[in-house]
Each structure stands twice: as structure tokens, then as C-alpha cells.
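Structure assessment
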Amino acid sequence: MTAPTSRDLTVTEVRLTPVLVADPPLLNTQGVHQPYTPRLIVEVVTADGTTGLGETYGDTKYLELARPLADTLVGHQVADLNRLFAAADQVAVDASRVFGQVDVGGLRGVQTADKLRLSVLSALEVACLDALGRSLGLPVHALLGGKVRDAVEYSAYLFYKRAGHPEGVAAERDDWGAALDPAGIVAQARTFTERYGFGSFKLKGGVFPPDEEIAAVRALAAAFPGHPLRLDPNGAWSVETSVKVAEELGDVLEYLEDPALGIPAMAEVAARTSVPLATNMCVTTFAEIKEAFGRDAVQVVLSDHHYWGGLRNTQHLAALCRTFGVGVSMHSNTHLGISLAAMTHVAATVPHLHHACDSHYPWQSEDVLTERLTFERGTVRVSDAPGLGVTLDRDRLAVLHRRWLEDDGSLRDRDDAAAMRVTDPEWVTPAMPRW
Ligand SMILES: O=C([O-])C(=O)C[C@H](O)[C@@H](O)C(=O)[O-]
Ligand SMILES: [Mg+2]
């Protein structure tokens with residue numbers, strides 16, 4: 001008989017490493033992506049030497065909370081996640097970080113103390129599950145109750161895009177070229193299908209007047225007949241404009257994402273169209289569900305495990321959606337492979353996931369993994385390796401961390417409007433509704 005291996009999963013250390021990751025000049029209604037975007041890499045280390053990985057937003061307000069929240073984990077078992085979440089309530093959030101604030105200028109909805117904490121806890125939870133899975137020899141999806149599919153489908157996330165970041169600004173080059181009109185968007189979609197095999201397409205809108213974006217979606221429908229299409233202007237339209245766009249594109253849209261801002265406006269649009277409405281803006285916390293579902297304001301909630309508070313909360317959200325007959329899928333923000341692995345594990349466990357999930361990953365040329373995750377026919381295979389099934393590349397982590405250390409502070413907080421002002425000094429975050 002072999003002696004049982006010693007397994008001490010007491011957390012002895014939590015390493016927090018902020019990084020700056022290359023990001024192409026992708027346009028949205030607030031401005032343009034900075035050349036580098038902040039992320040936080042989390043490593044939870046246990047007494048027996050196991051290390052689990054997590055990843056979340058890396059802006060200052062998250063970093064401020066990361067150390068005190070990580071400290072509540074040290075000395076406890078990686079499996080004690082319910083205790084971690086209860087203890088986190090005691091960690092104070094600076095009122096100036098939430099008072100009158102919205103998340104990324106509103107792109108991710110409200111900003112509350114709870115949501116800020118959850119946005120950090122999610123990375124700690126993922127790292128704990130990764131460590132637990134590695135130690136037990138079980139994949140993260142098994143710790144969540146097991147997968148119901150072997151591959152998770154993602155959609156091509158199309159953006160209006162400039163060819164490059166402004167001259168004279170430190171940036172990495174990308175090979176996607178510009179996409180500033182319907183032909184450019186169709187060409188970008190073709191590149192997505194050639195490189196990754198995606199079968200459904202989401203266009204980030206709210207950049208150009210609605211008629212131009214309608215033309216782009218029409219061009220996509222002509223180029224990819226029968227493929228699911230979505231348009232997401234991040235709340236840039238009035239109710240009237242939203243209804244008009246829904247009427248014009250109703251025959252080709254799988255859903256319209258956050259056409260208007262807030263639950264009342266979304267409810268009004270929903271009452272006047274049969275096109276399903278999806279959101280990652282007006283329902284981003286459990287507190288918003290009652291009103292949104294009660295008013296039938298949204299037909300699909302796009303979960304994001306980062307701000308919903310992790311993989312188990314994503315499952316809770318999915319169960320609530322199912323109970324109320326609301327669809328569920330997944331939102332994304334600029335992220336690396338650790339988060340894509342986490343998204344894939346949890347998505348694999350959600351039975352009624354009927355829409356392809358969003359992912360920015362194809363836009364990220366850099367990663368902190370020894371091996372990038374890959375898309376095959378638009379899907380990511382669900383790993384059955386222990387934990388998340390990914391390996392940290394310490395050298396890459398060090399390079400991206402050094403970039404963060406050397407930054408003068410101007411890139412450490414995502415600010416799409418500030419990035420826009422580099423080429424357009426008069427630019428201010430547009431008042432909503434914009435059209
Ligand atoms: O679906 C969404 O609203 C997003 O993906 C939000 C992001 O911030 C997106 O607008 C972006 O990356 O510019
Ligand atoms: Mg959205």
C-alpha cells in the first residue's frame with residue numbers, strides 16, 4: 001500500500017501581481033482602448049506547495065482591496081470559500097470609490113462596495129478552486145458539479161478599430177488593420193472565422209450613428225447568412241432609437257445588447273419589440289434582478305464571473321435566470337488566459353447556456369501562460385486536467401509586471417476617453433443617450 005500523500009491546503013501566501021497587457025485600438029461609445037490595459041494576476045499558495053491561479057481587473061480601486069481581501073484568506077483552507085466571502089464583508093471600501101460612481105464609466109453598470117469586493121473575490125475564488133483541483137487531481141468544472149458539455153462556444157467580438165495606436169505613443173503593433181465601415185467589419189469577421197472558426201458575431205456599437213451600424217450588421221448578415229448576430233451600443237441610444245434599430249434589424253438579430261441605459265428604458269424598449277434584449281449593464285448585481293425580471297426588461301443576462309463574484313455565483317445567477325425563464329450567457333472584458341479558462345469551466349457546467357459567450361481573448365496577443373488557450377471551430381475545449389488546466393509562465397508575468405512598474409501611472413486605470421483625447425483633445429465622454 002502506498003502511504004497517503006500529505007495534503008495541507010492551508011493558504012500560506014497570496015501573491016498579487018499587477019500587469020499591463022497590450023490592447024489594440026478598439027473603439028466603443030466612450031472612446032478607444034489604451035495601448036495597455038491593467039489586469040491583476042493572483043496566486044494562492046498552500047502549505048503543501050500547491051499554487052492556484054486567478055485573474056481580475058487591475059485598476060487601482062481593485063488593487064487597493066486586493067491585499068486586505070487576500071489577507072482574510074491566509075491561514076484558512078482553500079476549500080473554505082463561504083467563509084472567505086463572509087469575512088470579506090468586513091473589509092472596508094473607500095466611499096469615494098463607489099459614491100456616485102459607475103463601473104468603467106458605465107460600461108459595466110453600477111459601482112457598489114459589494115460589487116467592488118466581489119470583483120476581487122472572484123479572482124481569489126478561482127485561484128482557490130484551481131489549487132483545490134490541482135491538489136485533488138480534479139478539474140475545476142468537477143468541483144462545480146461537473147461539465148454538461150465538452151466544449152464551450154464563443155462568439156467573434158467585432159470592434160470598430162483603428163489601424164494602430166497614435167504615432168509616438170508606446171504600443172504593440174497588431175495585424176488586424178482598421179475596421180471603420182461595413183466592409184471593414186465584414187473583413188474583420190472573415191479574419192475571425194479564418195483564424196478561430198467562430199460562427200456567431202457580436203458588433204460593439206455606439207461608435208457611429210445608428211444608421212452606419214445598421215449597415216454594418218446588414219453587411220454581416222449578407223456575408224454570413226443565418227449566423228447569429230448581436231449589436232451592443234452600450235446604452236448609447238434613446239428608447240425611440242433602440243426601437244427603430246430593433247425594427248430595422250429584427251430579422252437578423254439574435255439579440256440586441258444594452259441598446260438603452262437602465263432598467264426602465266430597457267423595459268420600455270422590450271415592451272415595444274420582439275427582439276430579445278441582453279445586458280451586461282443594467283443587471284450586474286443580484287440586487288438589480290428583482291426589478292429587471294419583474295419588469296421583463298431583459299431576456300438574456302450576460303454574466304461575468306469577475307464582477308458577479310466568481311464561478312459559484314455565476315452558477316447561482318444562471319439558476320435564477322432559469323427559474324424566471326431568462327436566458328444566460330457570458331460577458332467579457334479584456335482578459336488573459338487564466339480568465340478564459342475560468343469562464344470555460346463554469347460555462348461548461350451551465351445546462352441552459354444557449355448563446356455563444358463573449359471573449360476579448362483573440363484581441364490579446366500577450367498572455368502569462370506557458371501555452372495559450374485555443375479556439376477550434378469557435379469553441380474552447382473544456383479541460384479535464386487538474387484545476388484550471390493552465391500553467392503560469394513566470395518570465396512572461398515578470399515582463400508584463402515590469403511594464404506596470406515602469407508606467408508613470410497614466411495607464412494603470414482604464415480610461416477610454418483619455419485615450420481618445422490623445423488624437424482628439426476636445427473629446428469628452430459623451431452624454432447618454434448619444435443618439
Ligand atoms: O459587452 C460589453 O458591454 C463589453 O464588452 C464592455 C467592454 O468594456 C467593451 O465595450 C470594450 O472592451 O470596449
Ligand atoms: Mg455589453
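Look up: the structure comes first, before these words.
The sections below set out a description of the structure shown in this document. (Residues numbered from 1 in each chain as written. Chains lettered and ligands numbered in written order. Predicted model: local features only at pLDDT ≥ 70, side-chain atom pairs only at ≥ 80, totals over all residues. Heavy atoms only, no water.)

Some remarks on the site of ligand 1
Heads up, the condition is: For this purpose, a residue is taken to be near a molecule or strand whenever a single non-hydrogen atom of the residue falls within 4 Å of it. Any pair of nitrogen or oxygen atoms within 3.5 Å is treated as a polar contact; in protein, a donor-acceptor pairing is required on top of that, and neighbouring residues in sequence qualify only through side-chain atoms on both sides. Using the Shrake-Rupley algorithm and a 1.4 Å probe, accessible areas are obtained, with residue cover drawn only from the displayed protein chains. Runs of H or I in DSSP of at least four residues are treated as helices and runs of E of at least two as strands, each being numbered from the N terminus. Note on residue categories: nonpolar means Ala, Val, Leu, Ile, Met, Phe, Trp, Tyr, Cys or Pro, charged means Asp, Glu, Lys or Arg, and polar means any other residue, Gly included. Here the limits of each domain have been adopted from an automatic or database domain assignment.
In the vicinity of ligand 1 there are 16 residues, among which Asn 28, His 33, Tyr 157, Lys 202 and His 360 approach most closely. With respect to ligand 1, the side chain of Asn 333 contributes an N or O atom lying 3.2 Å from an oxygen atom. Relative to its unbound accessible surface of 340 Å², ligand 1 loses 100% to contact with the protein. Where the shell around ligand 1 is concerned, the elements lending two or more residues are β7 (156-159) and β8 (201-204). Considering only residue class, the shell around ligand 1 consists of 3 nonpolar, 8 polar and 5 charged. When residues of the shell around ligand 1 are assigned to domains, at least three map to each of domain 1 (11-141 + 394-407) and domain 2 (145-381).

Looking at the coordination of the magnesium ion (ligand 2)
Rule in force here: Sites may look incomplete because water is not among the atoms; the donors themselves are N, O and S atoms within 2.8 Å of the metal, or within 3.2 Å for Na, K and Ca. Any residue under 20% of the maximum accessible area for its type is buried, any over 50% is exposed, and the rest in between are partly exposed; the area is computed with a 1.4 Å probe on protein chains only.
In the first shell of the magnesium ion (ligand 2), the protein supplies Asp 232 (OD), Glu 257 (OE) and Asn 280 (OD1), at 1.9 to 2.2 Å from the metal. Every donor residue of the magnesium ion (ligand 2) comes from the same chain, spaced as D-x24-E-x22-N. With Glu 257 in strand β10 (residues 253-257) and Asn 280 in the loop between β11 (277-279) and α9 (289-294), this pair connects stretches of sequence that are 23 residues apart. Overall, the relative accessible area of 1% leaves Asn 280 in the buried class.

Details of the packing of aromatic side chains
Each aromatic ring pair is described using two quantities: the centre-to-centre distance and the angle formed by the ring planes. Quick note on the threshold: For Phe, Tyr and Trp, rings pair up if their centres lie within 6.5 Å, where Trp contributes its six-membered ring, and each pair is then called stacked (planes under 30 degrees apart), edge-to-face (over 60) or tilted (otherwise). A ring has a charge above it when a Lys NZ or an Arg CZ is no more than 6 Å from the ring centre and no more than 35 degrees off the ring normal.
Taken as a whole and assessed by the stated rule, the structure comprises 17 aromatic pairs. Judged by centre distance (5.5 Å) and plane angle (80°), the rings of Phe 192 and Trp 363 are edge-to-face. Placement of Phe 192 in helix α5 (residues 182-196) and of Trp 363 in the loop between α12 (337-349) and β14 (379-381) is noted, with a sequence separation of 171 residues between them. On the accessibility criterion, Trp 363 (3% relative accessible area) is buried. Ring plane angle 55° and centroid distance 6.4 Å describe the contact between Tyr 361 and Phe 375, whose orientation is recorded as tilted. Residue Tyr 361 is located in the loop between α12 and β14, and its partner Phe 375 is located in the loop between α12 and β14; the two are separated by 14 residues in the primary sequence. On the accessibility criterion, Phe 375 (8% relative accessible area) is buried. Following the ring pairs from residue to residue traces out a cluster consisting of Tyr 154, Tyr 157, Phe 159, Trp 176, Phe 192, Tyr 196, Phe 198, Tyr 361, Trp 363 and Phe 375. One residue, Arg 39, lies across the ring of Tyr 57, its end atom 5.3 Å from the ring centre.

Digging into the nonpolar core
Here is the rule: Grouping buried Ala, Val, Leu, Ile, Met, Phe, Trp, Tyr and Cys residues that are joined through side-chain atoms within 4.5 Å yields what is termed a nonpolar core. Two residues qualify as a contact provided that any one of their heavy atoms is within 4.5 Å of a heavy atom in the partner residue.
Core analysis: the biggest nonpolar cluster contains 134 residues, and Val 44, Leu 124, Tyr 154, Leu 158, Leu 231 and Val 301 have the highest contact counts within it. When residues in this core are grouped by element, the largest group, 12 residues, is from helix α3 (residues 113-136). The residues that make up this core include at least three from each of domain 1 (11-141 + 394-407) and domain 2 (145-381). Ignoring sequence-local partners within four residues, the contact set of Val 301 consists of Thr 279, Val 283, Phe 293, Trp 308, Leu 317, Cys 321, Val 326, Gly 327, Val 328 and Ser 329. Counting 5 residues, the second largest nonpolar core, distinct from the first, contains Leu 20, Ala 22, Trp 404 and Leu 411.

A closer look at the sheet that holds strand β5 (residues 51-57)
Which entries qualify depends on this criterion: A pair of strands is labelled paired if DSSP reports no fewer than 2 bridges between them. Helix axes are fitted to C-alpha atoms over the stretch in contact, other axes to C-alpha atoms as well, and angles between N-to-C directions run from 0 to 180 degrees.
Strand order in the open sheet formed by 3 strands is β1-β4-β5, with antiparallel pairing between adjacent strands. Each edge of the open sheet carries a strand with a single partner, namely β1 (11-22) and β5. Taken over all neighbouring pairs, the strand axes of this sheet differ in orientation by 20° on average, direction set aside. Pairing analysis gives 11 bridges linking β1 to strand β4 (residues 36-46), with the strands arranged antiparallel. The partner of Leu 20 across the bridge, within β4, is Pro 38. Strands β1, β4 and β5 of the sheet are contacted by helix α1 (residues 60-71), whose axis makes an angle of about 165° with β1. Across the face of the sheet, helix α13 (residues 394-406) comes into contact with β1 and β4 while running at roughly 65° to β1.

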